[in-house]
Amino acid sequence: MLRTEICGKPDLTFLMEAHDALSGTIAKRAGFKGLWASGLSIACSLGYRDANEASWTQIVEVVERIVDATELPVLVDGDGGFGNFNNARLLARKLRQRGAAGVAIEDSCFPKMNSFVGDRHPLADIDEFCGRLRAMKDAVADDLVLVARIEALIAGHGMEEALLRASAYAAAGADAILIHSGKSTADEILSFARAWRNCLPVVIAPTKYYRTPASKYRDARISTVIWANHSMRAAIAAMRHVCGRIIAEEGIAGIEKDIATLDEVFDLLRYDELARAEARYLRPPSCSDSISSR
Ligand code: SPV
Ligand code: MG
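Residues numbered from 1 in each chain as written. Chains lettered and ligands numbered in written order. Predicted model: local features only at pLDDT ≥ 70, side-chain atom pairs only at ≥ 80, totals over all residues. Heavy atoms only, no water.

Participant: For the overall build of the chain, give the residues involved together with the corresponding values.
Facilitator: Secondary structure assignment for the chain yields 12 helices and eight strands. If one aligns the C-alpha atoms of the chain with their principal axes, the spans along those axes are about 75 × 55 × 35 Å. The long-range share in the chain, meaning contacts at least 24 apart out of those at least 6 apart in sequence, stands at 72%. Accessible area for the chain stands at about 15200 Å²; split by element, carbon and sulfur atoms hold 55% of it. With 36 positive and 39 negative side-chain charges, the chain shows a separation of 3 Å between the mean positions of the two kinds. (Helix = DSSP H or I, 4+ residues; strand = E, 2+ residues; numbered from the N terminus. Contact = heavy atoms within 4.5 Å. Areas by Shrake-Rupley, 256 points an atom, 1.4 Å probe, with all protein chains shown as cover. Lys, Arg positive; Asp, Glu negative; His and termini not counted. Charge placed at Lys NZ, Arg CZ, Asp CG, Glu CD.)

Participant: An account of the site of ligand 1 is requested, with residue identities and associated values reported.
Facilitator: Near ligand 1 you find Trp36, Ser38, Gly39, Leu40, Asp77, Asn114, Phe116, Arg149, His180, Thr207, Ala228 and Asn229, and these make up its full shell. Between ligand 1 and the protein, one listed contact pairs an oxygen atom with a side-chain N or O atom of His180 at 2.8 Å. At 2.7 Å from an oxygen atom of ligand 1 is found a side-chain nitrogen or oxygen belonging to Thr207. The protein chains hide 99% of the 280 Å² of surface that ligand 1 would expose on its own. (Near = heavy atom within 4 Å. Polar contact = N/O pair within 3.5 Å; in protein donor to acceptor, adjacent residues only side chain to side chain.)

Participant: Please give an account of the packing of helix H6 (residues 159–171) against helix H7 (residues 187–196) that cites residues and values.
Facilitator: With their axes 11 Å apart at the nearest point, H6 and H7 run at an angle of 50° to one another. The angle between the axes of H6 and H7 places the two elements in the oblique class. Taken as a pair, H6 and H7 cross one another with a handedness that is right-handed. Note on element contacts: H7 touches H6 through Glu188, Ser191, Phe192, Ala195 and Trp196, opposite Met159, Ala162, Leu163, Ala166, Ser167 and Ala170. Grouping the amino acids of the contact of H6 with H7 by side-chain chemistry returns eight nonpolar, two polar and one charged. (Axes fitted to C-alpha atoms, helices over the stretch in contact; angles between N-to-C directions. Parallel < 35°, antiparallel > 145°, perpendicular 65-115°, else oblique. Left-handed = near helix turned anticlockwise from the far one by under 90°. Nonpolar A, V, L, I, M, F, W, Y, C, P; charged D, E, K, R; others polar.)

Participant: An account of H6 is requested, with residue identities and associated values reported.
Facilitator: With 13 residues, H6 should reach 18 Å at 1.5 Å per residue; the first-to-last C-alpha distance of 18 Å fits that figure. Where the residues of H6 are buried, they touch helix H5 (126–140), strand S5 (145–150), strand S6 (176–179) and H7. (Expected span 1.5 Å × (residues − 1).)

Participant: Can you explain the environment of Thr57? Please cite residues and give values.
Facilitator: Examined against the element boundaries, Thr57 turns out to sit in helix H3 (residues 56–70). By relative accessible area, Thr57 is classed as partly exposed at 40%. Placed 153 residues apart in sequence, Thr57 and Tyr210 show a C-alpha to C-alpha distance of 31 Å. (Buried < 20%, exposed > 50% of the residue type's maximum accessible area, 1.4 Å probe, protein only.)

Participant: Please provide a residue-by-residue account of the environment of Gly34, values included.
Facilitator: Mapped onto the fold, Gly34 is located in the loop between helix H1 (21–30) and strand S2 (35–37). Relative accessible area serves as the criterion here: at 1%, Gly34 is assigned to the buried category. Sequence spacing of Gly34 and Phe14 is 20 residues, and the spatial spacing of their C-alpha atoms is 7.0 Å.

Participant: Could you give an account of the sheet that holds S5, naming the residues involved and the relevant values?
Facilitator: Here we have eight strands rolled up into a closed barrel, ordered S1-S2-S3-S4-S5-S6-S7-S8, and parallel in their pairing. Adjacent strand axes in the sheet meet at a mean angle of 25° when their direction is disregarded. Along the sheet, H7 contacts S6 and strand S7 (202–204); its crossing angle with S6, the most-contacted strand, is approximately 155°. In this fold helix H9 (residues 230–249) packs onto strand S1 (13–18) and strand S8 (224–227), with an angle of close to 45° to the strand it touches most, S1. (Pairing = 2+ DSSP bridges.)

Participant: Residues and numbers for the packing of aromatic side chains, please.
Facilitator: Under the defined criterion, the tally for this structure stands at five aromatic pairs. Its guanidinium or amino end placed over the ring of Phe116, Lys208 lies 5.1 Å from that ring's centre, counting from NZ or CZ. (Phe/Tyr/Trp six-rings, centres within 6.5 Å; stacked < 30°, edge-to-face > 60°. Lys NZ or Arg CZ within 6 Å of the ring centre and 35° of its normal.)

Participant: Account for the domain arrangement of the chain, naming residues and giving values.
Facilitator: As far as domains go, the chain holds domain 1 (2–229) and domain 2 (236–282). The centre of domain 1, based on its C-alpha atoms, is set 32 Å off from the matching centre of domain 2. Counting residues at the interface gives five residues for domain 1, matched by five residues for domain 2. Between domain 1 and domain 2, a total of about 350 Å² is buried, with carbon and sulfur atoms accounting for 66% of that surface. The largest share of the area that domain 1 buries against domain 2 comes from Leu22, Thr25 and Arg29, three residues that together contribute 78% of it. Viewed at the interface, domain 2 and domain 1 are joined by one salt bridge. Across the salt bridge formed by Arg29 and Asp267, the nearest N and O atoms sit 2.9 Å from each other. On inspection of domain 1 and its partner domain 2, the count reaches one residue pair in polar contact (both at pLDDT 80 or more). (Domains from an automatic or database assignment. Buried area = accessible area lost by both parts, 1.4 Å probe. Salt bridge = Lys/Arg side-chain N within 4 Å of Asp/Glu carboxyl O.)

Participant: Residue-level account of a nonpolar patch on the surface, with values.
Facilitator: A grouping of Leu22, Ile26, Leu262, Val265, Phe266, Leu269 and Tyr271 is seen on the molecular surface, where their side chains present a nonpolar patch of about 650 Å² in accessible area. When residues of the nonpolar patch are traced back to their parent elements, those giving at least two are H1 and helix H10 (262–268). Per-element accounting of the nonpolar patch gives the leading share, three residues, to H10. Along the polypeptide, Leu269 turns up in the loop between H10 and helix H11 (271–281). (Patch = residues over 30% accessible without salt bridge, like charges linked within 9 Å, V, L, I, M, F, W, Y side chains within 5 Å.)

Dropping the structure here:
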C-alpha cells in the first residue's frame, strides 16, 4: 500500500493526476511514484461536471482500473464523501477493497462544486464533518490514508477558521491535512504551514499558484504536492489541436509526426508481455489438434 508514498516521507512527495488507467500508466512511465485520482479530471473524462454528477461507484470503477494498471499508490479525491458519514464510510471501504492507498475528503456540502467555480462554497459543519472522518477511520482503520481537505480559504473564511478546522480534523483521526487555496500566490498556504507546524503532514494542490517553485514547499516542510489536473488539461489541448488540424487539412499526413506512434501505444500497454505469456501458456497447435482428433 505504501502509505509513505502518499504523505509523511522525509522529502517532498509529488502525486500526479490520473483520470484513467492510461494517464496513470503514462505518469508512472515518467517516473511518478504516486498518483492523484482527481475528481475533476475523472468527471471530465466521463463527460460530467465536477459537481458530484458522477456517482461514487463510477469513481471507484475508474480508480480500480488506475490501481490495476499502474500498481502505484493512489490517493483518491473522495470529494465530500458523497453524502453523510454513512456514504463516506461506504466509499472508504470500497476504495480499500479496490486497492487505493488513500482518500481525501473535503469539508464541502453535497452536492459539491469545484473549488474554482463560482463563489458559493458552503462549508460543512465542523462536528458533522468530523463524524464523516471518524466513520471512515472506523471503517478502514490504518489501511487507507485519510486526508482531510479544508476548503475554508477557498470559501473566503480566514486562516483562523482553517486552523480551527485542521485541529478538529486531526482530533477526528485524519492522517494528513490538505489545505486548498485559490490564490495565485502560495502566501496563504505557506502561512498556514507555518502556523500549523506540521501537527499532521500538509498536502497541497497548487493548481492556481502554479508559479511557486517546489523549493518553497520543501523549505516549508510541506509533505505532498498534488499536480491535480495536468494530464487531463494536456490531453484536452493535444486532442483539440489534432482534431482542428485534421478537419482543416482533410487528412492525417501532417499530424502523424506529432502524435504517439502505434508502437508507443503497444509498448505502454505491454503487448510484449502478452506475447511472452502466449508463448508460455497457449497450447501448441499440434497438441490441441491431436487431442481433438482422438
Ligand atoms: C481535483 O483534482 O478534483 C481537485 C483539485 O479537487 S483541484 O481541481 O485543484 O481543486
Ligand atoms: Mg476534486
